[in-house]
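Tertiary structure, described
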Amino acid sequence: MPAPQPELPEPAHPDIDSMLSRKFGKEIANYFSGSPLNRVSFLRPDHTFLSQALKHPSTSFLLFNKLEPLVKSPTELAYAKYSDVQPVIGNDPFAKTEEELVKEYDSSTYIPQLVFLGLDGHKEGLIYKDHYKGAPFFALDITPKDAATAAAEALIKDVESKGLSFSKGRMHLSLPAQEAAIYAEARHLLDWNARNPFCAACGYPTLSVNAGFKRTCPSKDLAASVQNAENTPDRPPCATRTGVSNLSFPRTDPTVIMAVVSSDGQKILLGRQKLWPPYWYSTLAGFLEPAESVEEAVRREVWEESGIHLGRVVIHSTQPWPYPANLMIGAIGQAIPGGEEIHLGHDAELEDAKWFTADEVRVALRVGTGGPGEPAGPEYKEGGLRLPPKTAIANQLMAAVVGGFLGGEAKI
Ligand SMILES: [Zn+2]
């Protein structure tokens, strides 16, 4: 049997009438969006808040070992409590202010990466300054490392002895939608922090601040190994300490993914990569390049990969994709009359690109979706078109096209 596909997240306020919905159709929420957490981003530098959130009995910690999340099963994340993580993080990494921590920076001290994800206001929890309420969520990297090795290894052993495991699955597309969104935020930020231990401007080590959402390049470093000739902890000037700088904030890389419709609106262009199993096709996709609009990127990628010339392009919906830091911008583009001849020679990315009728795609969305290599449903006939599951925005784009764009939902 094919793996179960979770329900997609609900868009915000789906039942409230809106002139925008009447004009543009219902909002589409894609998998990995729809988080139940209020990120209260303005509280990230507030260590009084973070300190209370850290120790509150309602607080949950999502643990990662080598970027693999702790799970009870493929459909359920597992969370730890403050008492579980305290040996790894110490009593309170937020006991001092951010300013004090920057002043006392010592790059030789390993600090396990902790990220404040947000407050779940649907649950009883912390109340801060009367306004900000909910159960706090943190992500913590417990990959055994440096001084935290022994405590991290003990915690890993402890959770594994309770039947929990660090999920080795690649994409985690079987979690319920809200869990998937929490996981996506956590994974994206832990991965970004792990990849950016050094300042992109001056090359010196950086310190995680703003509860894991920023890395700063301190002007002093107490570690003897990096002291300068004058034997002071001062570091050279760095451009990130003056003026507006975007060097030390988490990045999100935009990619475009598009359903391509023929000029008569009757056919859909799909492509396949060499490594995919037989009969597998999907929408085309590519990276947005610097100084390019989304519409231009869609037209360029489609022409480069398939030779098709697109006219009008509309943005349909977007999907966070934490592998490692993407935002998929889903679009629908229509070929211009006379621009529909397929030519694969420009770019060797695709093994094949083909026009499919709306009926072929409609049938495949009903009976032939799943992860690459997974079996299809019982109604699938060998040799029929295979398509990605609904957790992939490609599926939503195709469903929107064969559903006539009305409300963006498939009529299959
Ligand atoms: Zn720097």
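Bear in mind that the values here come from a model prediction, so they are computed numbers and not experimental data. One numbering rule holds for all chains: residues counted from 1, following each sequence as written. It should be noted that, the model being predicted, local features are given only for residues of pLDDT at least 70 and side-chain atom pairs only at 80 or more, the latter also being counted only at that level, while totals for whole chains, interfaces and linings use all residues. To obtain the side-chain values, all non-hydrogen atoms of the structure were used and water was disregarded.

The next point concerns the coordination of the zinc ion. Protein-derived ligands of the zinc ion are C199 (SG), C202 (SG), C217 (SG) and C238 (SG), with the metal-ligand distances lying across 2.2 to 2.4 Å. Only N, O and S atoms count as donors, using a 2.8 Å cut-off from the metal and 3.2 Å for Na, K and Ca, and because water is excluded some sites may appear unfinished. The sequence motif formed by the donor residues of the zinc ion is C-x2-C-x14-C-x20-C. Here the residue C199 occupies a position in the loop between α6 (177-195) and β9 (207-209), and C217 occupies one in the loop between β10 (214-216) and β11 (253-261), the gap between them amounting to 18 residues. For every residue, the accessible area (1.4 Å probe, protein chains only) is compared with the maximum for its type, and the residue is labelled buried under 20%, exposed over 50%, or partly exposed between those bounds. The buried category is assigned to C199, whose relative accessible area is 9%. Segments assigned H or I by DSSP are reported as helices when at least four residues long, segments assigned E as strands when at least two residues long, and all are numbered from the N terminus.

Once the domains are mapped, the chain shows domain 1 (37-241) and domain 2 (252-402). Counting residues at the interface gives 10 residues for domain 1 and 8 residues for domain 2. Here the buried area means the combined drop in accessible surface, using a 1.4 Å probe, for two parts upon being joined, counting both sides. Counting the surface domain 1 buries against domain 2, the share from its top three residues, M171, L173 and H188, is 62%. Think of a salt bridge as a Lys or Arg side-chain nitrogen and an Asp or Glu carboxyl oxygen that are within 4 Å of each other. Across the contact surface, domain 1 and domain 2 share 0 salt bridges. Amino acids are sorted into nonpolar (Ala, Val, Leu, Ile, Met, Phe, Trp, Tyr, Cys and Pro), charged (Asp, Glu, Lys and Arg) and polar (every other residue, Gly among them). A breakdown of the residues in the side of domain 1 that touches domain 2 according to their chemical character gives 4 nonpolar, 2 polar and 4 charged. Residue ranges labeled as domains rest on an automatic or database domain assignment. The contact criterion used throughout is that any non-hydrogen atoms of two residues lie within 4.5 Å.

For helices, the axis comes from a line fit to the C-alpha atoms of the stretch in contact; other axes are also lines fit to C-alpha atoms, and the angle between any two N-to-C directions lies between 0 and 180 degrees. Running from N to C, helix α8 (residues 358-367) and helix α9 (residues 393-402) point in directions that differ by 130 degrees, and their axes come no closer than 10 Å. Our classification of the angle between α8 and α9 gives oblique. Crossing of α8 against α9: the hand is left-handed. Judged by residue contacts, A358, V361, R362 and L365 of α8 engage N395, M398, A399 and V402 from α9. Note that the term roughly parallel is reserved for angles under 35 degrees, roughly antiparallel for angles over 145, roughly perpendicular for angles of 65 to 115, and oblique for everything else. In this scheme the handedness of a crossing depends on how the near helix is turned from the far one: anticlockwise by less than a right angle means left-handed, clockwise means right-handed.

Looking now at the layout of surface pockets. For cavity detection a 1 Å grid was placed over the protein atoms alone, and a set of points counts as a cavity when a 1.4 Å probe fits there but cannot get out; an open set counts as a pocket when protein lies on both sides within 12 Å along at least five of seven lines, with lining residues being those that have an atom within 4 Å of a point. Grid points are joined across faces, edges and corners, and a volume is the space filled by probe spheres set on the points. Of the pockets and cavities examined, the largest pocket occupies roughly 1200 Å³. For the largest pocket, the lining is made up of 49 residues, of which R170, M171, W321, P372 and A392 are closest to its centre. Contributions of two or more residues to the lining of the largest pocket are made by β3 (68-73), β11, β12 (267-272), β13 (284-287), β14 (310-321), β15 (326-335) and α9. The element best represented in the lining of the largest pocket is β13, accounting for 4 residues. Counted by class, the lining of the largest pocket contains 25 nonpolar, 18 polar and 6 charged residues. Residue contributions to the lining of the largest pocket reach at least three from each of two domains, namely domain 1 (37-241) and domain 2 (252-402). Approximately 1100 Å³ is the volume found for the second largest pocket. Lining the second largest pocket are 38 residues, with T109, Y110, I111, P112 and L207 positioned closest to its centre. Within the residue set of the lining of the second largest pocket, elements represented by two or more residues are α4 (98-103), α6 and β9. Looking at the lining of the second largest pocket, its residues break down into 18 nonpolar, 11 polar and 9 charged.

A few words on the environment of H343. With respect to the secondary-structure elements, H343 resides in the loop between β15 and β16 (352-357). As a C-alpha pair, H343 and W303 span 40 residues in sequence and 8.5 Å in three-dimensional space. Among all residues touching H343, those that are not within four sequence positions of it are E305, S306 and G307.

Under the definition given, this model contains 20 salt bridges. Close ionic contact of D92 with K55 constitutes a salt bridge, the shortest N to O distance being 3.4 Å. Here K55 lies in helix α2 (residues 47-55) and D92 lies in the loop between α3 (82-89) and α4, a separation of 37 residues in the sequence. Given a relative accessible area of 15%, D92 falls into the buried group.

Turning our eyes to something else, we now look at the UniProt feature "domain: Nudix hydrolase" (unreviewed entry) in the chain. UniProt positions are given in the numbering used here, feature names are shortened, and annotations may be inferred rather than shown by experiment. Residues annotated by UniProt as "domain: Nudix hydrolase" (unreviewed entry) correspond here to residues 250-378. Along residues 250-378 one finds 18% helix and 36% strand; the C-alpha atoms at either end are 43 Å apart.

Expected helix span is taken as 1.5 Å per residue step, with the number of steps being one fewer than the number of residues. For helix α5 (residues 149-161), built from 13 residues, the straight-helix expectation of 18 Å at 1.5 Å per residue is met to within 8% by its first-to-last C-alpha distance of 18 Å. Residues of α5 that are buried: A152, L155, I156 and V159. Along the long axis of α5, the arc covered by the buried residues comes to 100 degrees, so they all point the same way. Opposite the buried face of α5, at more than 90 degrees from it, the exposed residues are A150, K157 and S161. The arc in question is the one spanned by the directions pointing from the helix axis to the C-beta atoms.

Let us now look at the nonpolar core. Side-chain atoms within 4.5 Å are what join buried Ala, Val, Leu, Ile, Met, Phe, Trp, Tyr and Cys residues into a set we call a nonpolar core. Residues F32, L117, L270, V361, L385 and L387 are the most contacted members of the largest nonpolar core, which totals 46 residues. Considering each element in turn, this core owes the most residues, 8 residues, to α9. Domain assignment of the residues forming this core places at least three in each of domain 1 (37-241) and domain 2 (252-402). The residues contacting L387, other than those within four sequence positions of it, are L270, W280, Y281, V361, A364, L365, G368, T369, G370 and M398.

The geometry of α3 relative to α5 is characterised by a closest axis approach of 8 Å and an angle of 155 degrees between their N-to-C directions. Considered as vectors, α3 and α5 are oriented roughly antiparallel to each other. The segment α3 lies against α5, with D84, V85, P87 and V88 engaging A151, A152 and L155. When grouped by side-chain class, the residues that make up the contact of α3 with α5 number 6 nonpolar, no polar and 1 charged.

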